[in-house]
Amino acid sequence: MAVDDYEKLLKYYDVHETIGAGGFAKVKLATHIFTGEKVALKIMNKESHGDDLPRVKTEIDAMKNLSHQNVCRLYHDTKKIFMILEYCPGGELFDYIIEKDRLTEDETRMFFRQIVSAVAYIHSQDYAHRDLKPENRFIDGDQNLKLIDFGVCAKPKGGMDYHLMICCGNPAYAAPELIQGKAYIGSVADIWSTGVLLYALMCGYQPFDDDNVMLMYKKIMRGKYDMPQMIQVDPKRRITVRHLLNHPWLMQGYSCPVEWQNCVTEMSVFYKWSKGSTLHLLSKWDYDQTTATYLLLLSKKSHGKPVRLMRSS
Ligand SMILES: [NH3+]CCCOc1cc(-c2cn[nH]c2)ccc1C(=O)Nc1ccccc1
């Protein structure tokens, strides 16, 4: 029963006020008693999930496989009712945009590089998020964005080129092929949503907004932009996240393309090890140069610093 799960949780966490809620869950601020660290406690609303909780299992399984500086960390889950997540004191990116009306080009670029970093990373792990919107990005204490809510993500068994059918996410951010009910590729639809997000960051309002959903769909299908790259109606002509990483606009004022890998991937590439053996070596915690490299990389990334592994001369 959820009640004794909650009782057990209270041995390890002090629970404070609610910091957010969606149809499927409520999120409360909590403190991890042993460390004093603040965390976000996500409490599933069992009623709205029904019995089989597919959405919760989808989210927990995905978050256990994802470790990246711009993806909200899962620390602890208790049998699909409670999730203990990384706490982001800066709140929702959505509220931040509203507060500032809209962002400067430089601030938009700083945030957008992190958004592209997270999307490139989850796609590299064969996940499509399918609900990318400002409400699903939280700002941590270092102005880093963290992606949340993997409840409708997909990890197609046939790989990332596999066509999906289920229509999900917020219509204002949904790709044309998705709202037309066509078979679509998750990662390509994610790029459309990311393009809508960029528009909202720069302009302070959504490009396709209308109280009447059918009129909104008409605007989405019209694709009124010259030179569209992300909000390109034809999914085959839409820019890929790989081409975004070193897109001229994203490179302006920066010396390197968007860093999208997490430390394990970066180390396996640098040391020319397989991912499996990198993870095996790291899990031994030998506190040798491998441990040092991993922890120092993690520390640099968590402070939003670009990392470069140098070969000794
Ligand atoms: N609109 C989202 C409300 C707050 O939701 C969260 C906040 C944090 C958070 C806040 N600070 N740090 C992390 C972490 C996760 C969530 C979340 O997953 N919310 C959610 C997703 C789907 C349905 C219902 C709720």
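Above this note sits the structure.
Residues numbered from 1 in each chain as written. Predicted model: local features only at pLDDT ≥ 70, side-chain atom pairs only at ≥ 80, totals over all residues. Heavy atoms only, no water.

## Describing the sheet that holds strand β7 (residues 137-139)
Line of reasoning, step 1. In spatial order, the strands read β6-β7-β8; together these three strands make up an open sheet with antiparallel pairing. Every other strand in the sheet has two partners, leaving β6 (91-92) and β8 (145-147) as the edge strands with one partner each.
Line of reasoning, step 2. Two strands pair when backbone bridges link them, and β7 and β8 are joined in this way by three bridges, in the antiparallel orientation. Residue pairing for β8: phenylalanine 138 is matched across the bridge by lysine 146.
Line of reasoning, step 3. Against the sheet, helix α5 (residues 105-124) touches β7 and β8, its axis set at about 30° to β8. (Pairing = 2+ DSSP bridges. Helix = DSSP H or I, 4+ residues; strand = E, 2+ residues; numbered from the N terminus. Contact = heavy atoms within 4.5 Å. Axes fitted to C-alpha atoms, helices over the stretch in contact; angles between N-to-C directions.)

## Concerning the sheet that holds strand β3 (residues 38-44)
Line of reasoning, step 1. Strand order in the open sheet formed by five strands is β1-β2-β3-β5-β4, with antiparallel pairing between adjacent strands. Both edges of this open sheet fall to β1 (13-22) and β4 (74-78), since each of them pairs with a single strand only. If you compare each strand with its neighbour and ignore which way they point, the axes differ by 25° on average.
Line of reasoning, step 2. The sheet contact formed by strand β2 (residues 25-32) and β3 spans seven bridges and is antiparallel. Bridging from a neighbouring strand, valine 27 pairs with lysine 42 of β3.
Line of reasoning, step 3. Most of the contacts of helix α3 (residues 54-65) go to β4, to which it runs at about 145°, and overall it touches β3, β4 and β5 (82-86).

## Focus on the site of the ligand
Line of reasoning, step 1. Inspection of the region around the ligand gives 17 residues, with Lys42, Glu86, Cys88, Glu92 and Asp149 positioned closest.
Line of reasoning, step 2. Separating a nitrogen atom of the ligand from a backbone N or O atom of glutamate 86 is a distance of 3.2 Å.
Line of reasoning, step 3. Between glutamate 92 and the ligand, the recorded distance is 3.1 Å, taken from a side-chain N or O atom to a nitrogen atom.
Line of reasoning, step 4. The protein chains hide 93% of the 550 Å² of surface that the ligand would expose on its own.
Line of reasoning, step 5. For the shell around the ligand, the leading source of residues is β1, giving four residues. (Near = heavy atom within 4 Å. Polar contact = N/O pair within 3.5 Å; in protein donor to acceptor, adjacent residues only side chain to side chain. Areas by Shrake-Rupley, 256 points an atom, 1.4 Å probe, with all protein chains shown as cover.)

## Describing the packing of helix α11 (residues 263-271) against helix α13 (residues 289-302)
Line of reasoning, step 1. Relative orientation of the contacting elements α11 and α13 amounts to 130°, with a least axis distance of 10 Å. Judged by the inter-axis angle, α11 sits oblique to α13. Judged by the twist between their axes, the crossing of α11 over α13 is right-handed. Two secondary-structure elements touch here, α11 through Cys263, Val264, Glu266, Met267 and Tyr271 and α13 through Gln289, Thr290, Thr293, Tyr294, Leu297, Leu298 and Lys301.
Line of reasoning, step 2. Taken together, the residues that form the contact of α11 with α13 break down as seven nonpolar, three polar and two charged. (Parallel < 35°, antiparallel > 145°, perpendicular 65-115°, else oblique. Left-handed = near helix turned anticlockwise from the far one by under 90°. Nonpolar A, V, L, I, M, F, W, Y, C, P; charged D, E, K, R; others polar.)

## Structural notes on the packing of aromatic side chains
Line of reasoning, step 1. For the coordinates displayed, the defined rule picks out 10 aromatic pairs.
Line of reasoning, step 2. Between tyrosine 6 and phenylalanine 82, the ring centres sit 5.6 Å apart and the planes meet at 40°, which makes this aromatic pair tilted. Residue tyrosine 6 is found in helix α1 (residues 2-9), and its partner phenylalanine 82 is found in strand β5; the two are separated by 76 residues along the sequence.
Line of reasoning, step 3. Assessed through its relative accessible area of 25%, tyrosine 6 is described here as partly exposed. (Phe/Tyr/Trp six-rings, centres within 6.5 Å; stacked < 30°, edge-to-face > 60°. Buried < 20%, exposed > 50% of the residue type's maximum accessible area, 1.4 Å probe, protein only.)

## Describing α11
Line of reasoning, step 1. Among the nine residues that make up α11, seven are buried, leaving the element largely enclosed by the rest of the structure.
Line of reasoning, step 2. Listed in full, the buried residues belonging to α11 are Cys263, Val264, Thr265, Glu266, Met267, Ser268 and Phe270.
Line of reasoning, step 3. A positive phi of about 60° marks lysine 272, the residue just after α11.

## Some points on unusual backbone geometry
Excluding glycine, most residues fall at negative phi; most peptide bonds, likewise, are trans.
Line of reasoning, step 1. A positive phi angle is found at aspartate 149, which is not glycine, with a value near 60°.
Line of reasoning, step 2. Among the secondary structure elements, aspartate 149 is positioned in the loop between β8 and β9 (163-164).

## So, the pairing of β3
Line of reasoning, step 1. Of all seven residues in β3, six are buried; the element is thus mostly enclosed.
Line of reasoning, step 2. Linking two consecutive strands that pair antiparallel, namely β2 and β3, is a turn of five residues; a positive phi of about 75° is found at glycine 36 within it.

## Looking at the pairing of β2
Line of reasoning, step 1. Counting buried positions along β2 yields six of eight residues, so the element is predominantly enclosed.
Line of reasoning, step 2. Relative to β2, β1 runs antiparallel, the two being bridged by seven bridges. Residue pairing in the sheet places aspartate 14 in a bridge with threonine 31 of β2.
Line of reasoning, step 3. Turn length for the β1-β2 hairpin, with the two strands adjacent in sequence and antiparallel, is two residues.

## Notes on the environment of leucine 197
Line of reasoning, step 1. As for its placement among the helices and strands, leucine 197 is situated in helix α7 (residues 186-203).
Line of reasoning, step 2. Sequence-wise, leucine 197 and lysine 133 are 64 residues apart; in three dimensions their C-alpha atoms are separated by 6.1 Å.
Line of reasoning, step 3. In this structure, leucine 197 is in contact with Ile115, Lys133, Pro134, Arg137 and Tyr173, ignoring residues within four places of it in sequence.

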